[in-house]
Amino acid sequence: MTSRVPDLDALRLLDAVGRTGSIGGAARAVGTTQQSASERLRSVEGTVGLPLVRRGPRGSELTDAGVVVAGWGRRLLDLADEIDLAIDGLRGDRDRGLTVWASMTVAEGLLPRWLVLLRQRRSADGLAPTAVRFTAANSTQVAAAVRDGTADLGFVEGAAPPAGLRSTVVAHDELVLVAAPGDPLARRRTPVEPAEVAALTTTGREPGSGTRAVLERALRRHRLEPRVAVELTTATAVREAVAAGGPPAVLGARAVARDLAEGRLVRVPVAGLDLRRAFRAVWSGSAQPPAGPVRQLVGIAREDVG
């Protein structure tokens, strides 16, 4: 027999429509976009074989059938929540320890604050603090640690998500070309073209870093490769090397914001390169982050800078 029972996420969305009186409000309540919510509701109606939501210019409401299905769904959701809490209890020992790996940019500028907020959030909720074991590495190493189970959660940077892992974007950033104030490049007023960027002798991150990968991907679209003369393993080391008079570098805008504001570095305009990137949380397993500290930390990251 073909099942016409919607999945739990669909039932939560349907219940949220009934509570909020709109698809947009329901989307916000469950943490998705209005477009995704609309598509999901149409899919649910197709599965059930009945119209469940009555859409109007001033909002949306459940049909009579929708009210009945949502009522049945709430019973399933309550049971699912009970099971989730029970599993949390079984995972209690594991929840007291969390292993996080993060790319160097995230580790230096973002993760410390997130860990403080995690401790505060758990304390406010009456939960025991989570002991966090934290390792900073490049994005390739972070993804490998999550895949082999060394890390419960990872944070990486780059233009695309790592293969074979679940992920969600927690923030966006872009790379910028920076030079020391005394560098002739710092006086450049016209944008540097892709071929000129590739021809520069630069200070940069090591292969495997998200920063390096985004630059290489942008240049390869023009059939070019970067020339990195000095390879360093942290954004801080690269910034300090450039500020001391070393070759220019391409770094994340977040990482160099203070240096630019203080005049230690100068941003050089660039044209024709897509240097945008995303910071992502990555984990293994189900589509949603595992319940407990992992899910809490991902939520904090998205709220803080997303």
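Rules used in this analysis
- Residues numbered from 1 in each chain as written.
- Predicted model: local features only at pLDDT ≥ 70, side-chain atom pairs only at ≥ 80, totals over all residues.
- Heavy atoms only, no water.
- Helix = DSSP H or I, 4+ residues; strand = E, 2+ residues; numbered from the N terminus.
- Buried < 20%, exposed > 50% of the residue type's maximum accessible area, 1.4 Å probe, protein only.
- Contact = heavy atoms within 4.5 Å.
- Areas by Shrake-Rupley, 256 points an atom, 1.4 Å probe, with all protein chains shown as cover.
- Lys, Arg positive; Asp, Glu negative; His and termini not counted.
- Charge placed at Lys NZ, Arg CZ, Asp CG, Glu CD.
- Core = buried A, V, L, I, M, F, W, Y, C linked by side-chain atoms within 4.5 Å.
- UniProt positions renumbered as here; feature names shortened; annotations may be inferred.
- Axes fitted to C-alpha atoms, helices over the stretch in contact; angles between N-to-C directions.
- Parallel < 35°, antiparallel > 145°, perpendicular 65-115°, else oblique.
- Patch = residues over 30% accessible without salt bridge, like charges linked within 9 Å, V, L, I, M, F, W, Y side chains within 5 Å.
- Salt bridge = Lys/Arg side-chain N within 4 Å of Asp/Glu carboxyl O.
- Nonpolar A, V, L, I, M, F, W, Y, C, P; charged D, E, K, R; others polar.
- Expected span 1.5 Å × (residues − 1).
- Polar contact = N/O pair within 3.5 Å; in protein donor to acceptor, adjacent residues only side chain to side chain.
- Domains from an automatic or database assignment.

A. Structural context of the overall build of the protein chain. A count of helices and strands for the protein chain gives 13 helices and eleven strands. Along the longest, intermediate and shortest principal axes, the C-alpha atoms of the protein chain span 70 × 45 × 35 Å. By the burial criterion, 44% of the 306 residues in the protein chain qualify as buried. Look at the contacts in the protein chain between residues 6 or more apart in sequence, and 76% of them connect residues 24 or more apart. Surface summary for the protein chain: the accessible area is close to 15800 Å², and the carbon and sulfur share equals 52%. Each charge class in the protein chain was averaged separately, 41 positive and 34 negative side chains, and the resulting centres sit 3 Å apart.

B. The nonpolar core, seen in detail. V106, W114, L153, F155 and L297 are the most contacted members of the largest nonpolar core, which totals 21 residues. Elements that contribute at least two residues to this core include exactly β3 (97-103), α6 (104-109), α7 (111-124), β5 (153-158), β6 (166-179), β11 (276-283) and α13 (293-305). With five residues, α13 is the single largest residue contributor to this core. Formed by 19 residues, the second largest nonpolar core is a distinct cluster that contains A10, I23, A37 and V53.

C. Representation of the UniProt feature "domain: HTH lysR-type" (unreviewed entry) in the protein chain within the structure. When the UniProt feature table is mapped onto this chain, "domain: HTH lysR-type" (unreviewed entry) is found at residues 6-63. This span, residues 6-63, is 62% helix and 14% strand, and a straight line between its end C-alpha atoms measures 16 Å.

D. Region of the structure containing the packing of helix α1 (residues 8-20) against helix α3 (residues 34-48). It is at 10 Å that the axes of α1 and α3 come closest, and there the two elements cross at 110°. What the angle tells us is that α1 and α3 run roughly perpendicular. Contact residues: D9, A10, L13, L14 and V17 in α1; A37, R40, L41 and V44 in α3.

E. Fine view of a nonpolar patch on the surface. A cluster of nonpolar residues, V5, L8 and L76, forms a patch on the protein surface that exposes about 250 Å² of accessible area. Among the structural elements, V5 can be located in the segment before α1. Looking at V5, the relative accessible area reads 56%, which means it is exposed.

F. Focus on the packing of helix α2 (residues 23-30) against α3. For the pair α2 and α3, the least separation of the axes is 8 Å and the interaxial angle reads 105°. It follows that α2 is roughly perpendicular to α3 by the angle criterion. Residues I23, G24 and A27 of α2 lie in contact with α3, whose contacting residues are Q34, A37, S38 and L41. Looking at side-chain class alone, the contact of α2 with α3 contains four nonpolar, three polar and no charged residues.

G. Spatial organisation of α7. Taking 1.5 Å of rise per residue, the 14 residues of α7 would be expected to cover 20 Å, and the 20 Å separating its terminal C-alpha atoms lies within 8% of that figure. Directly after α7, the chain includes G126, whose backbone phi takes a positive value near 75°.

H. Representation of unusual backbone geometry. Backbone geometry at R223 places phi at a positive 60°, although glycine is not the residue there. Assignment of secondary structure puts R223 in the loop between α10 (210-220) and β8 (227-232). The exposure class of R223 is exposed, given its relative accessible area of 82%.

I. Looking closely at the side chain of D183. Along the chain, the position of D183 falls in the loop between β6 and α9 (194-199). R187 provides the closest opposite charge to the buried, unpaired D183, separated from it by 7.1 Å. Here L185 takes part through its backbone nitrogen, which lies 2.8 Å from a polar atom of the side chain of D183.

J. Structural view of the pattern of salt bridges. Tallied over the full model, the rule gives 20 salt bridges. R239 serves as the salt-bridge partner of D259, at 2.8 Å between the closest nitrogen and oxygen. Placement of D259 in helix α12 (residues 253-262) and of R239 in helix α11 (residues 235-243) is noted, with a sequence separation of 20 residues between them. Here D259 matches R239 in class, with each residue buried. Among the salt bridges present, the one from D259 reaches R264, with a minimum N-O distance of 2.3 Å. Judged by relative accessible area, D259 falls into the buried class, the value being 2%. A single network of salt bridges, built from pairs that share partners, joins R212, E216, R220, E225 and E231.

K. Just the environment of G204, in detail. Relative to the elements of secondary structure, G204 occurs in strand β7 (residues 201-205). For the pair G204 and L153, spaced 51 residues apart in sequence, the C-alpha to C-alpha distance is 26 Å. Apart from residues no more than four positions distant in its own chain, G204 is found in contact with V228, V230, E231, L232 and V238.

L. The domain arrangement of the protein chain, seen in detail. One can read the domain layout of the protein chain as domain 1 (8-91) and domain 2 (95-305). If you average the C-alpha positions of domain 1 and of domain 2, the two centres end up 36 Å apart.

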